[in-house]
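Structure assessment
Each chain is listed here by its residues.
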Amino acid sequence: MRRSRSGFSLLLAGSLLFSAPALANDPLAAFGGYEGLHRIAIDTLDRSMADPRLRPFFVEQDRPDIAKKLADQFCQELGGPCTYKGKDMKKAHAKQEIGMQHFNALVEVLQDSMDAAGVPFRDQNRLLARLAPMYRDMVRD
């Protein structure tokens, strides 16, 4: 059964699920460790390039650098041993005209990448719940 992909509402629902305790020993285990997060980040960027809603935001970007920063950010947000060293979301996206439809499309693409990597739904929601508040700094609608 395919779950709903209603973007922002899914992120809000996911935030409610985040109250479940994180994995005590390895919060990244469900994602395949840091290497798995990096593969998910690369896949998300590849899918974004194939999506006409998102492609314009990534055409002129250094995708290997973005993939590393995304993996670091995902790792940090999940409580792993990583430190995100990129710009804050407001500065990183200040010159882009990102609307809620773009943000929702990126959430869908990230979910597809996590599905393809075999990340359980509950663990996907853990990450999405941590990322959800960032929409305030990215979306210009």
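None of the values given here were measured: they were computed from a predicted structure.

**Description of the overall build of the protein chain**
Looking only at helices and strands, the protein chain has eight helices and zero strands in total. From first element to last, N terminus to C terminus, the protein chain shows the α and β order α-α-α-α-α-α-α-α. Taking all 141 residues of the protein chain together, 44% fall into the buried category. Within the protein chain, counting contacts between residues at least 6 apart in sequence, those at least 24 apart form 76% of the total. Summed over all atoms, the accessible surface of the protein chain reaches about 7,900 Å², with 55% contributed by carbon and sulfur.

**Quick look at the packing of helix 2 (residues 33-50) against helix 6 (residues 100-116)**
Geometry of a packed helix pair, given as the angle between the helix axes and the separation of the axes. At a minimum axis distance of 9 Å, the contact between helix 2 and helix 6 shows a crossing angle of 130°. Put simply, helix 2 runs oblique to helix 6. Considering how the two elements wind past one another, helix 2 and helix 6 form a crossing that is right-handed. Facing helix 2, whose interface residues are Ile-40, Asp-43, Thr-44, Arg-47 and Ser-48, helix 6 presents Leu-106, Val-109, Leu-110, Asp-112, Ser-113, Met-114 and Ala-116. Split into classes, the residues belonging to the contact of helix 2 with helix 6 amount to six nonpolar, three polar and three charged.

**Quick notes on the pattern of salt bridges**
The final tally for this structure, using the stated rule, is seven salt bridges. Across the pair Arg-126 and Asp-123 runs a salt bridge whose closest N-O atoms are separated by 3.3 Å. Highlighted residues: Arg-126 and Asp-123, both in helix 7 (residues 121-131), separated by three residues, approximately one helical turn. Residues Arg-126 and Asp-123 agree in their burial class; the two are buried.

**Re helix 2**
Taking 1.5 Å of rise per residue, 18 residues should cover 26 Å, and helix 2 covers 26 Å from first to last C-alpha, within 8% of that figure. Where helix 2 is concerned, the buried positions are Gly-33, Gly-36, Leu-37, Ile-40, Ala-41, Thr-44, Leu-45, Ser-48 and Met-49. Against helix 3 (55-58), helix 4 (63-77) and helix 6 lie the buried residues of helix 2.

**Describing the nonpolar core**
Ranked by internal contacts, the top residues of the largest apolar core, which has 34 residues, are Phe-31, Leu-37, Phe-74, Leu-110, Met-114 and Leu-127. A total of six residues in this core trace back to one element, the largest contributor, which is helix 6. Discounting chain neighbours no more than four positions away, the residues touching Phe-31 are Gly-36, Leu-37, Ile-40, Leu-78, Met-114, Val-119, Asp-123, Gln-124, Arg-126 and Leu-127.

**Brief notes about the confidence of the model for the protein chain**
Mean pLDDT over the protein chain: 83, with 79% of residues reaching 70 or higher. Per-element averaging of pLDDT across the protein chain places helix 1 (residues 8-17) at the bottom with 46 and helix 2 at the top with 97. Predicted confidence is poor over residues 11-23, with pLDDT under 50, and the contacts of this stretch with residues over four places away or in other chains come to 17 contacts.

**Details of the state of the cysteines**
Scanning all chains against the criterion turns up one disulfide. Between Cys-75 and Cys-82 runs a disulfide, and the two sulfur atoms are separated by 2.0 Å. Between Cys-75 and Cys-82 the sulfur-sulfur dihedral comes to about 65°; the bridge is accordingly right-handed. Taken as a pair, Cys-75 and Cys-82 share a single burial class, namely buried.

Rules used in this analysis
- Residues numbered from 1 in each chain as written.
- Predicted model: local features only at pLDDT ≥ 70, side-chain atom pairs only at ≥ 80, totals over all residues.
- Heavy atoms only, no water.
- Helix = DSSP H or I, 4+ residues; strand = E, 2+ residues; numbered from the N terminus.
- Buried < 20%, exposed > 50% of the residue type's maximum accessible area, 1.4 Å probe, protein only.
- Contact = heavy atoms within 4.5 Å.
- Areas by Shrake-Rupley, 256 points an atom, 1.4 Å probe, with all protein chains shown as cover.
- Axes fitted to C-alpha atoms, helices over the stretch in contact; angles between N-to-C directions.
- Parallel < 35°, antiparallel > 145°, perpendicular 65-115°, else oblique.
- Left-handed = near helix turned anticlockwise from the far one by under 90°.
- Nonpolar A, V, L, I, M, F, W, Y, C, P; charged D, E, K, R; others polar.
- Salt bridge = Lys/Arg side-chain N within 4 Å of Asp/Glu carboxyl O.
- Expected span 1.5 Å × (residues − 1).
- Core = buried A, V, L, I, M, F, W, Y, C linked by side-chain atoms within 4.5 Å.
- pLDDT = per-residue confidence, 0-100.
- Disulfide = S-S within 2.5 Å.

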